[in-house]
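# Observations on the three-dimensional arrangement
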Amino acid sequence: MTVLTHFRTPLLQTPFHARTSAANVLNRWGPWGGYMTALCFGDADMEYTAIRNAASVYDLCPMVKYRITGKDAVGYLNRLTLRDAGKLPVGAVHYTGWTDDAGKLLDDGTLFRHGPEEYLICCQERHLPWFLASAEGFDVSVAEVTEDIAALSLQGPCSATVLAAAGFDVSTLKPFRMATFPFGKGQITISRTGFTGDLGYELWMTPGQALPLWDHLMQAGAPWGIRPIGTDALNLARIEAGFIITNMDFVPAHQAVREDRPRSPLELGLGWMIDWDKGHFTGRRALLAERERGPEWQMVGLDVPGNVSAEGSILYHNKRQEAGFVTAAAWSPALKASVAIAQVQSKYLKANDLWVEIYALRELQYAKLMLPVRVVERPFFNPARKRAMPPERT
Amino acid sequence: MTYDAVIVGAGHNGLVTASYLARAGMKVCVVEKNDWIGGAAVSRELYPGFTYSNCSYVSSLFRPEIMRDLELPKHGLQILPYEGGAVFQEGGGYLGMFRDHDANRREFARHSKRDAEAYDIYARDVLRFCRFIRPMLLRTPPDPSSFRPRDLAELMWLGRQMGALSEEMRARMVQFWTMSIADFLDQYFESPVIKGYLAVSAIIGTALGPMSPGSAYVLLHHYMGDVDGNVGAWGFARGGMGSITRALTASLKAAGGEVRTGQGVEKILVQSGRAVGVVLANGDEVRGKRVISNMDVKRTFLKHVDEAELPDDFVKRVKAFKIRGSSGKLNIALDSTPVFPALPEGAPNIRGDLHFTDSIEKMERGYDDWKNGRFSRDPFQDVMIPTMIDPTMTPPGKHFMSSFVQYAPPKIEGRDWTDADRDAFRDTCLNQIETYSPGFKDRVLHVEVRTPRELEAEVGLTEGNIFQGELTFDQLLFNRPVPGYAQYRSPIRDLWICGSSTHPGGGVMGAPGRNAAAEMLREAGAKGGMRDAYAVL
Amino acid sequence: MPTPSSEVLVIGGGVNGLACAARLAAKGRKVTLLEASEVVGGGAGEREFAPGYHAPALAHLTQGLDTRVVEAMALDRHGLAFHPALATTVLSGEAESLTVRGGKTSGVDAAAWEALHRKLSAFARVLAPLRQMRPVRLAGENRLFGLARQGLGIRALGKDDFRELLRMVLINVHDVAEDELSDDRLKGLLAFDATLGAWLGPRSPNSLILYLDRLARGADPLLPKGGMGALAVAMGKAAAAAGVEVRTGSAVEKIVVEGDRAVGVRLEGGEVVRVGLVVSAMNPRTTLHQLVGAAALDAGFFKATGHVRMRGAAAKLHLALRGTPDFRGADLKSRIVIAPSSEAVERAFNPVKYGEVPELPVMEVILPSAHDPGLAPAGHHVLTAIVQYAPHAPKAGLEAARAEMLENTLNVLEQHSPGLRSLVVQAELLMPQDIEARFGMVGGNWHHGELAVEQMLFNRPTFAAAQYSTPLPGLWLAGAGSHPGGGINGAAGWNAAGAILEAKA
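What you see is a predicted model, and the numbers here were worked out from it, not measured in a lab.

### What about the pattern of salt bridges?
This model, assessed by the stated rule, comprises 102 salt bridges over all chains. For Glu258 of chain B, the salt bridge goes to Lys27 of chain B, with nearest N and O atoms at 3.7 Å. With Glu258 of chain B in strand β12 (residues 258–260) and Lys27 of chain B in the loop between α1 (12–23) and β3 (28–31), the pair connects residues that are 231 residues apart, well separated along the chain. With a shortest N-O distance of 2.6 Å, Glu258 of chain C and Arg274 of chain C are connected by a salt bridge. Residue Glu258 of chain C is located in the loop between β10 (252–257) and β11 (262–267), and its partner Arg274 of chain C is located in strand β12 (residues 272–274); the two are separated by 16 residues in the primary sequence. The exposure class of Glu258 of chain C is partly exposed, given its relative accessible area of 39%. The partly exposed category is assigned to Arg274 of chain C, whose relative accessible area is 41%. Through salt bridges with shared partners, one network takes in Asp419, Arg422, Asp423, Arg426, Asp427, Arg453 and Glu454 of chain B.

If you want it as C-alpha cells, here you go:
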C-alpha cells in the first residue's frame, strides 16, 4: 500500500509515463481522473493530422475501469445499463450508458464482454458506490481495476497497417470486436474501438507490458509517421466525430449540484441505446414517462456560419430567447466547416429559428457575432474507412 | 450627550451592528467590560511574544458581504486558507485530508475505495443543502404567526426558495435537517474513521452527540461558510481571530463610532417602557436613543434588565432558553514544532486540523459523559496550529496551538467547576495529544485552560456556550431566541439584541449583527438600506 | 389477459393487513388475505408461553386503535370489548408511587401536569388529522405551509399556541420535562412514554413529537376483554364478514412480476396466486428486497429502502408467576411504569447505542391476569413488560445479551416488587432479534421502520413509496412501515385501502 505521498505526487503517472514524458517536449500536462495526461506533445495540428492521415497513439490509462464478474453478471448489467448486455457476444464491445432512478444519465462508457460471466466497463467518471449499490441482490462482484490495466489507443487510417507491421493481424477484426494477440511472453487484447470517428483500435495490456508495447509499436509504425497525441488533438477529432464527453457535454446526475442540470439519454440523443424490451432497468419507468411526454432538451449537431469557433456560446431563439448552449465546438479541418455540439430546449428546436452569439477574441478585443445556425446530423465527419472490412491497408 | 445607539459588548456582532449604524450616519458608542475589545474573537498575548486566538480560532462563516461593506480588508483583515488535516487512529494509523481532490480521494481509498468515491456524492449533497440555506443567513426570520405584509412577503420568499427545489429534494432536505449525523453518514460511508472525521462539524459547540437527531443540521452550520468562494472551507485570520474585531473597530472608528473599554454595563436603563441608555459598573450613564445588546439573551434580560419591565411569558421563555455549554479550550505556547510520528515527513496535514477521535462511537461516549455532568474521559479535540501558516503570531520556530475540546459541561455533577477539575481537564487533553505526539508535553511553554466557567467569567457567554444558545430547531429561525422576538427586537421599545442568540446563530459570522442593524435602519427609515446578500448562482 | 384490479391480495394478517383487506372488501373488491402463521393478528395475538399461562404475543395494550377501523369493522359486534381504561402507576425507588389518569394526577406537580397535558393535547389534536390522511405531498409552491395553516386548523390554536407549537414540534422531551415539571416521577413518565418503541432517548431532539403522536392516537391504554388475542379474533371475524377470504398458513415466497407489474404471488410450496393488485402489509424492506427483489426495482429506490432505519430497542418480558406480586401496593390493574426519572430513561438508552445492555432498564408492566384471571392458573399471574432499551444488534451476541437483559430486568423488578423473583415459574425475554424472527419485524422494531421525524409522512418508508403506492405498478404497501406507523392501530392499512380505492376511481 502506498502510504501518504499524495502531497508529493498529487497526480499519478500512467505506466506509459517514461515514454510520454520523454515525448512531451512542450511539457504540457493536465489532470485526468487523478493522472497526468498530455494535453499536447509538440504540435497539436500535426497530432490531429496524424489521426486523420496516418496513425496516432493516445494514452488511455486514466480511463476508469470496473470488472464485473459472477453468475448474475448479465442480469446485473441489464438492470444497471441501458442496452442488453446479454445480446453482447463474448469478444464484443458496445457503447452504453446508465442512469439514476429519474432516468438521468450518470455516465456513458464502453462495455467489453470477456466471457459469459465477465465484463469490463470503461468510463470517464467513478461509480463504485453506485455499481455496488446496484449489485445488492445480484450474485456478482464489482471491482475497480483502473490501475491493473494499461490501455493505448491507436487511431488513424494507417492503424491496421501499423498493427500488421507490429505482428498483430487485425484484418478479420470487425468494428466493436476484440481479440487477443501474443506479445512477448504474454498476450494483449486489441479491440476495434476508438474515440476519433476514424479507423482505429484500442490495445489493452498489463502495466508491465506498457513500455515494451509502446516501443514496439512506435518502431513498427515509424514508416507511417506514427506519433503520440495529446488531448487537444483528440478533442478536435471527437468533435468532428460528434461524440459527447461526460462533464464536457453533459453533467453526470450524481455530480450535478443544480437540480436542472442532469439530462436523460433521450435528451442527449442516446435514446437509440435504450433496449425497452429487455426487462426492467434503473430509470426505465422514468424514461418511459419521458418518452411519452417528449424530452425537454435535445443534443444536436450545429453547422455554424463563418470560421469562428462557437465554443462556450449561448443559443437563442429568434435572436432573443435563450434556447440552449454550445457544449463543444471547433473549426473542422476535415470538413472545412465550423461545427458545434449543443443542448437545445426541444420547444425551440421545433421552431427552427436558432442563433448563436459568439464572442470572438481578436487582438485583445471581443467581437460579438449573432449568427443563424443549422441543425445537422452527427457525426459531422464519417469516413467509410471507419467501418470498412477488411480494414484499409496503406 | 445622547447617542443614537449604545451597543453593549464589543464582540464581533456588536461591532458589526455599530459599524453599519455609524456608516448610516448614527452616532454610536460601544461599551465593553473588558480592557480589550473583541468578545470571543480576540488575539491576546498571554505568554510573552505569543499571540493567542484564545476563544474562536478559525474563520469561515464570517459573511463576505460584511467584510466588503465595512471595508475590513482595508482595515487590515486577511483570511488565510489552511491545509488539510488528519485524524489519528488508535494503533498508529491515520486518515489524512488534502486540499487536492485526487490526493484526498486516494487517501480516503486507503480506508475504503467505495467511501473515497462516495465522498464526492456526499459533498455534492451537502453543498446542495448549503446553497439552500445560505441566502437565509442575511435575512430577518419571518414570524409565521403574523399577517404583517413583511412577514408574509418573507414567508412567500421562503416558499419560493422551497418551490425552486424538486419535491424529492424538499423531502430529502426535511430529512437532513431532522436526522442525526451518524445516520446521515451511514447512508454514504462504511469506514469508521471517515465517518468519525466527517461527524466533527456536527458536534462542534453543540450539546448534542453525533447520534442525536438534529446534529446533521449543525454540520450544515459549519459548512455554509466559505473562504473566497470555496464553500465549506475554513481559514485563519492573519494575526489571530482578534484581527477580525480589530478591523471592525478600525472601520467603526473611521465612520465616527466610539468604543469605551474597561467598564461593563451594570443596568440597561428603561424609562416609560423605552430603553434610554445604560449604567456602567463605575456608575457612569451612557444615554442613547436605542440600546443594542450583543450579550446573550439570558445575560441581557435576566441580569441587566429589571424583570418588572418584561412580560412574564417572555421571562419564562428566556429562562428556559437552552444555552448549555459543551466545550472547553486549551491555548498552548509551544517551544518547537510537535511531531506526529504517524505522519510521513513533510506531510502538509499538520497545517490543518488534527483530531484523535477515530469513530463516531467515541464521540458519542464523550457526549454520554457530558450528559452525566462530567467532562469527556476520552475527549474529542480539534487541534490547530495556526502558526504553521501564520508567521505573525509567535517567534520563528515557536508555535501557538489551539485545542478546542468537547465535551465539557457547564457544571460538574451539578456543582461549579473547581480549579482541580480544570487541571484534571487540562491533563486529560494534554495526555491525549502526548499519546499521538510523544514528547509533546516537553515542548509546552504555557497553557491557558478554559472551561465553560472561564468562558462565562471572561467573555460573558452564559454557561460557556460558544453559540450564545444551542442550535436545535426549537431555537433556530423564528424560534431564536424566543418565538415572537426573532426579529432582533425585545419587549422593551428601543432595546435590541444583535448577538449570536439571534438568527442565524453562533460562530464568527457577523450575520446577526448585520441583520439587527438592517432592522434598525429600516425602522429608522434610513435611506439606501442594505445591499442584498450575494446571490447563489 | 391481466387479472382485473378488483381482485386484490393482501399479504400479512396483522392489524394493518386486516384493516386494509376489510376496507377493500367492504367496497366490493375481491380480497384474499394471506397470513403465514396459523392465526391472524401478528403482534396483536396471544400465546401460551408456559403451560397454563397465556401472554400477549407482543403488544400487551392497545392505545388508540384507529376509531375508523373499530367503527367501520364493527369490532364490537365481532366480540371486541375493553376493560375500563387503565390508570398509570409510576413507581419510584424512594418516593411513593404516583397514579396518573390522562391529565389528572396528584402531588406537587398536579397543576403543572394538567396544564402540560392540556397544551400537548391541543397540539396533538392539530396533528391528529395527519394520521388519517395520505402523507402530504411537498409538490407545488407553499403547499405545506398552506396545508399546515389552513387545512389543519393550526391557526385555530391562536397566535401564542401556534408559536409554541412551532417551537416545540422538534424539541426534545427531556427539556420539556425540565422546563414544565419538578416531580421526577412525572418527568420519568413523560420521557418513557415519548420514547416507548423508539430508538432514541428523551434528550434526543424530535422526541416530544412522538409523545404528541401518542396523544394523537388516543391517550387511554386499553386491554381487550379476554386478552390481546381477543382483538385478533374479532378483527379476523370482521374481515371475514366483510368478505375477505382469509388464508392462514400461507407464507408468500415471491411477488410475481410480469410486464413491469406485480401480478400475484408465489406461495411457499409453489402455488401461484394471480391477482390484479398486490398489497403488502409486511415490512417494506422485506416486501421490496425479499419478495420483489432488486431486478424489478430501480437501484436508487432499492438502496433507499435498505437505508430505512429499523432498529428496535424494546425487549418483551413474559413472566409466569406462582402468586400475586406486590409493587408496594400499586394497583395491579394499572399500567405500571418503572422510569425513575428522565435521566434514568436516557441512561438506559446510552449503552444500546453501542450494542450493549443497560444495567437499569426502564419498563412498562402489565398484569393481564389481574384483568382476566383465566389467562393464568387460579391464584397465579402472568406479568408482561416492555423493557427498554435493548440492543438490536448486541455486540456480545444474542444469547449472552438476552441473559444479561433478563437478569437486569428481574433485578429492577425485584427492587420495586421485593420477592417477585421467588414467584417466577418461567421467564421469557424476547430481544429485538427474537421479535424479528417471530413477527418479521426487521430489527425488532414494531413500527417496521423507526418512528422518527425523518422517517415520517412523505419520507415514510421512503420518499418514492410514501403514498402507499410503490414504483412497481400493481404493488402497494399497507403496513406499519408506512405512514403513520404501527402500534396496534390500523391507520396505515386503512389509509392504504383508501389510497387504493381512490387510485382506481
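### With respect to the packing of aromatic side chains
One pass over the full model with this rule turns up 42 aromatic pairs over all chains. Seen in terms of ring centroids, Phe132 of chain B and Trp177 of chain B are 5.7 Å apart; in terms of plane orientation they differ by 40°. Their pairing is tilted. Within this pair, whereas Phe132 of chain B is found in helix α4 (residues 113–137), its partner Trp177 of chain B is found in helix α6 (residues 167–178), the two being separated by 45 residues in sequence. On the accessibility criterion, Trp177 of chain B (25% relative accessible area) is partly exposed. Clustering of aromatic rings is evident, with ring pairs tying together Phe108, Tyr119, Tyr122, Phe129, Phe176, Phe184, Tyr188 and Phe189 of chain B. Sitting over the ring of Trp355 of chain A, Lys319 of chain A keeps its end group 4.4 Å from the ring centre. Just above the ring of Tyr94 of chain B sits the side chain of Arg110 of chain B; from NZ or CZ to the centre is 4.5 Å.

### Looking at the domain arrangement of chain C
Residue and element names in this part refer to chain C. Considered domain by domain, chain C is made up of domain 1 (7–43 + 228–309 + 448–504) and domain 2 (113–217). For domain 1 versus domain 2, the distance between C-alpha centres works out to 29 Å. At the interface, 18 residues of domain 1 touch 16 residues of domain 2. Across the interface of domain 1 and domain 2, roughly 1,600 Å² is buried in total on both sides, 61% from carbon and sulfur atoms. Three residues, Val453, Phe458 and Gln467, lead the burial of domain 1 against domain 2; their summed loss comes to 32% of the area buried on that side. At the junction of domain 1 with domain 2, the criterion picks out 1 salt bridge. Where Glu502 meets Arg134, a salt bridge forms, and the shortest distance between an N and an O atom there is 2.2 Å. In this structure, the connection of domain 1 to domain 2 is made through 6 residue pairs in polar contact (both at pLDDT 80 or more).

### A look at the interface of chain A and chain C
In this complex, chain A contributes 14 residues to the contact, which on the side of chain C involves 15 residues. Surface buried jointly by chain A and chain C totals about 1,100 Å² across both partners, of which 47% is contributed by carbon and sulfur atoms. Broken down residue by residue, the surface that chain A buries against chain C is led by Arg79, Asp101 and Arg285 of chain A, which jointly contribute 48%. In this assembly, chain A and chain C are joined by 2 salt bridges.

### A word on the interface of chain C and chain B
Across the contact, 43 residues belong to chain C and 45 residues belong to chain B. At the junction of chain C and chain B, the tally comes to 12 salt bridges. Applying the counting rule to chain C against chain B returns 20 residue pairs in polar contact (both at pLDDT 80 or more). Taken together, the elements giving at least two residues each to the side of chain C that touches chain B come down to α4 (143–151), α5 (159–168), α6 (173–180), α11 (299–307) and α12 (342–349) of chain C. Its residues placed into classes, the side of chain C that touches chain B shows 15 nonpolar, 7 polar and 21 charged.

### Thoughts on unusual backbone geometry
Backbone torsion omega between Arg378 of chain A and Pro379 of chain A reads -10°, so that peptide bond is classified as cis. Cis geometry is found at the peptide bond from Gln388 of chain C to Tyr389 of chain C, where omega equals 0°. The topology assignment puts Tyr389 of chain C in the loop between β17 (381–388) and α14 (398–416). Although it is not a glycine, Phe176 of chain A adopts a positive phi angle of roughly 65°. Inspection of the secondary structure assignment puts Phe176 of chain A in the loop between α5 (159–165) and β10 (178–183). The partly exposed category is assigned to Phe176 of chain A, whose relative accessible area is 40%. The backbone of Lys336 of chain A shows a phi angle near 55°, a positive value even though the residue is not glycine. Relative to the helices and strands, Lys336 of chain A resides in the loop between β16 (321–332) and β17 (337–345).

### Observations regarding the sheet that holds strand β15 (residues 335–338) of chain C
Residue and element names in this part refer to chain C. Strand order in this open sheet of 7 strands is β7-β6-β15-β16-β17-β14-β18, and the pairing throughout is mixed. Each having just a single partner strand, β7 (98–100) and β18 (424–430) make up the two edges of the open sheet. Across the sheet, the mean angle from the axis of one strand to that of its neighbour is 20°, orientation sign disregarded. Where strand β14 (residues 314–321) meets β18, 6 bridges bridge the pair, whose relative direction is antiparallel. Each bridged residue has a counterpart across the sheet, and for His318 the counterpart in β18 is Glu428.

Scoring rules and cut-offs
Residues numbered from 1 in each chain as written. Chains lettered and ligands numbered in written order. Predicted model: local features only at pLDDT ≥ 70, side-chain atom pairs only at ≥ 80, totals over all residues. Heavy atoms only, no water. Salt bridge = Lys/Arg side-chain N within 4 Å of Asp/Glu carboxyl O. Helix = DSSP H or I, 4+ residues; strand = E, 2+ residues; numbered from the N terminus. Buried < 20%, exposed > 50% of the residue type's maximum accessible area, 1.4 Å probe, protein only. Phe/Tyr/Trp six-rings, centres within 6.5 Å; stacked < 30°, edge-to-face > 60°. Lys NZ or Arg CZ within 6 Å of the ring centre and 35° of its normal. Domains from an automatic or database assignment. Contact = heavy atoms within 4.5 Å. Buried area = accessible area lost by both parts, 1.4 Å probe. Polar contact = N/O pair within 3.5 Å; in protein donor to acceptor, adjacent residues only side chain to side chain. Nonpolar A, V, L, I, M, F, W, Y, C, P; charged D, E, K, R; others polar. Pairing = 2+ DSSP bridges. Axes fitted to C-alpha atoms, helices over the stretch in contact; angles between N-to-C directions.

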